[in-house]
Amino acid sequence: MAGFQDIIGQEQIREHLENALKTGKVSHAYIINGEKGSGKEFIARIFAAALQCEAGEGRPCQKCRSCRQALSGNQPDIIQVTHEKPNTIGVEDVRTQINNDIILKPYSSPYKVYIVNEAEKMTPQAQNALLKTLEEPPAYAVILLLTANVNSMLQTILSRSVILNMKPVGDEQMREYLMRELQIPDYRAQVCVAFARGNVGKAKMLASSEDFETVKQEAVALLKYIKEMDVTEIVADIKKISDYKMDVNDYLDMISVWYRDVLLFKATNDVNHLVFREEIQNIRKVAGRTSYEGIECVLGALEKAKSRLRANVNFELTMELLLLEIKEHG
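Residues numbered from 1 in each chain as written. Predicted model: local features only at pLDDT ≥ 70, side-chain atom pairs only at ≥ 80, totals over all residues. Heavy atoms only, no water.

Undergrad: I keep staring at the packing of helix H12 (residues 248-268) against helix H14 (residues 292-310) and nothing clicks. Help me out?
TA: Axes are the key here: two packed helices are described by the angle between their axes and the distance separating the axes. Packing of H12 against H14 brings their axes to within 10 Å, and their N-to-C directions diverge by 165 degrees. One finds that H12 runs roughly antiparallel with respect to H14. Our pair here, H12 against H14, has a crossing hand that is left-handed. Contacts between H12 and H14 pair Val 248, Asn 249, Leu 252, Asp 253, Ile 255, Ser 256, Tyr 259, Arg 260, Val 262, Leu 263, Lys 266 and Ala 267 from the former with Tyr 292, Ile 295, Glu 296, Val 298, Leu 299, Leu 302, Glu 303, Ala 305, Lys 306 and Leu 309 from the latter. A breakdown of the residues in the contact of H12 with H14 according to their chemical character gives 14 nonpolar, two polar and six charged. (Axes fitted to C-alpha atoms, helices over the stretch in contact; angles between N-to-C directions. Helix = DSSP H or I, 4+ residues; strand = E, 2+ residues; numbered from the N terminus. Parallel < 35°, antiparallel > 145°, perpendicular 65-115°, else oblique. Left-handed = near helix turned anticlockwise from the far one by under 90°. Contact = heavy atoms within 4.5 Å. Nonpolar A, V, L, I, M, F, W, Y, C, P; charged D, E, K, R; others polar.)

What follows is the structure, given as structure tokens:
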């Protein structure tokens, strides 16, 4: 298990939580808001362990009985709220795992800590059930709501919680972290940082992915020949991404990075800051034939495609619309 010193690039959140521990002014509810993979659960687990730690200073000490239990996932007073339905946290989940459990005093610790991952999946009824607990929580209760969309939470819950927003991690800080922790070379760390856009979890996933390089090469091959290819043929190629252990959003991010390189090269004529610098011949060619407006259209279309996929719009249709934009403007 890690400690507060291992939290990368979230100084404000770290400071706030450490201060709450030092002063004993711990809130009954915290909302940690940030995109998937940004490290919300990592921070929640450190804070939960620190709240229960038996050491006076330097919590979590990682050595006491409570810390060892937290490390193995067996601390009885740190409760991970689960849900059977993949896209919904229902009212029964909240009632059985939080409301009915919270009335029992802690088993062996000063607090009972509940970690609710993907809290944006709570139905309005589930949130209202939670609200009843938040209105009159026992003194020992701490509820950590981890969400990728704070706007999905009821205003009444927001007003009773401390909201902590995750920030994108700086490129240099992330690059050094990947090289130090995962022992990867500088050039590989640089590429992972460019794709991760400040998201530590995504950067770590890309850095350790065996398929990353293959998928990157496939994306580049597609972009080289997209003008000559048929749209249905390209959609079939993109569907193959699911054969790899990578999300289609990561694939779309690769295409975004390519077009950001094109935009940067068109504006500066400088190769040094390009992510795909080994593809300079093709980037030069695309930059020469494409207008600034065209590149902006493609980048906008990529974001639109990602939001359509999030809204469960048909995959083939989403890809076809995107590829028609790229063929026309890119």
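Undergrad: Even after reading the chapter, I still don't get the sheet that holds strand S3 (residues 112-116), so can you show me in this structure?
TA: Working definition: the strands of a sheet are paired by backbone hydrogen bonds and lie parallel or antiparallel to each other. With parallel pairing, five strands are arranged side by side in an open sheet as S2-S3-S4-S1-S5. Looking at strand neighbours, the two that pair on one side only are strand S2 (78-81) and strand S5 (162-165), the edges of this open sheet. Across the sheet, the mean angle separating the axes of adjacent strands is 20 degrees when strand polarity is ignored. By the bridge criterion, four bridges tie strand S1 (residues 29-33) to S5 in an arrangement that is parallel. In the strand pairing of S5, Tyr 30 is matched with Val 162. Along the sheet face, helix H4 (residues 91-102) touches S2, S3 and strand S4 (141-147) and points at about 165 degrees away from the line of S3. (Pairing = 2+ DSSP bridges.)

Undergrad: Could you clarify how one ought to interpret the pairing of S4 in this entry?
TA: One face of the sheet, then the other: side chains in a regular strand alternate in exactly this way. With seven of seven residues buried, S4 is to be regarded as a mostly interior element. Across the two faces of S4 the burial is the same, with Ala 141, Ile 143, Leu 145 and Thr 147 and Val 142, Leu 144 and Leu 146 all buried. Here S1 pairs with S4 via five bridges, running parallel. Bridge pairing links Ile 31 to Leu 145 in S4. Here S3 pairs with S4 via five bridges, running parallel. (Buried < 20%, exposed > 50% of the residue type's maximum accessible area, 1.4 Å probe, protein only.)

Undergrad: Whenever I open this one, the side chain of Gln 52 confuses me. Can you help?
TA: With respect to the secondary-structure elements, Gln 52 resides in helix H2 (residues 40-52). When its relative accessible area of 2% is taken as the criterion, Gln 52 is described as buried. Leaving out residues up to four positions away in the same chain, Gln 52 has contacts with Ser 66, Gln 75, Asp 77, Ile 78, Ser 109, Pro 110, Tyr 111, Lys 112 and Val 113.

Undergrad: Before we go on, may I ask you to explain a nonpolar patch on the surface in this structure?
TA: Judged by side-chain polarity, Val 313, Leu 317 and Leu 321 come together as a nonpolar surface patch covering roughly 220 Å² of accessible area. Within the secondary structure layout, Val 313 lies in the loop between H14 and helix H15 (315-329). (Patch = residues over 30% accessible without salt bridge, like charges linked within 9 Å, V, L, I, M, F, W, Y side chains within 5 Å. Areas by Shrake-Rupley, 256 points an atom, 1.4 Å probe, with all protein chains shown as cover. Salt bridge = Lys/Arg side-chain N within 4 Å of Asp/Glu carboxyl O.)

Undergrad: Where do I start with the side chain of Asp 93 in this structure?
TA: Looking at the element boundaries, Asp 93 is found in helix H4. Within the buried set, Asp 93 has no salt-bridge partner at all; the shortest N-O distance to an opposite charge, 7.6 Å, is to Lys 85. A distance of 2.9 Å separates a polar side-chain atom of Asp 93 from the backbone nitrogen of Gly 90. Setting aside residues no more than four positions away along its own chain, Asp 93 makes contact with Thr 82, His 83, Glu 84, Thr 88 and Ile 98. (Lys, Arg positive; Asp, Glu negative; His and termini not counted. Polar contact = N/O pair within 3.5 Å; in protein donor to acceptor, adjacent residues only side chain to side chain.)

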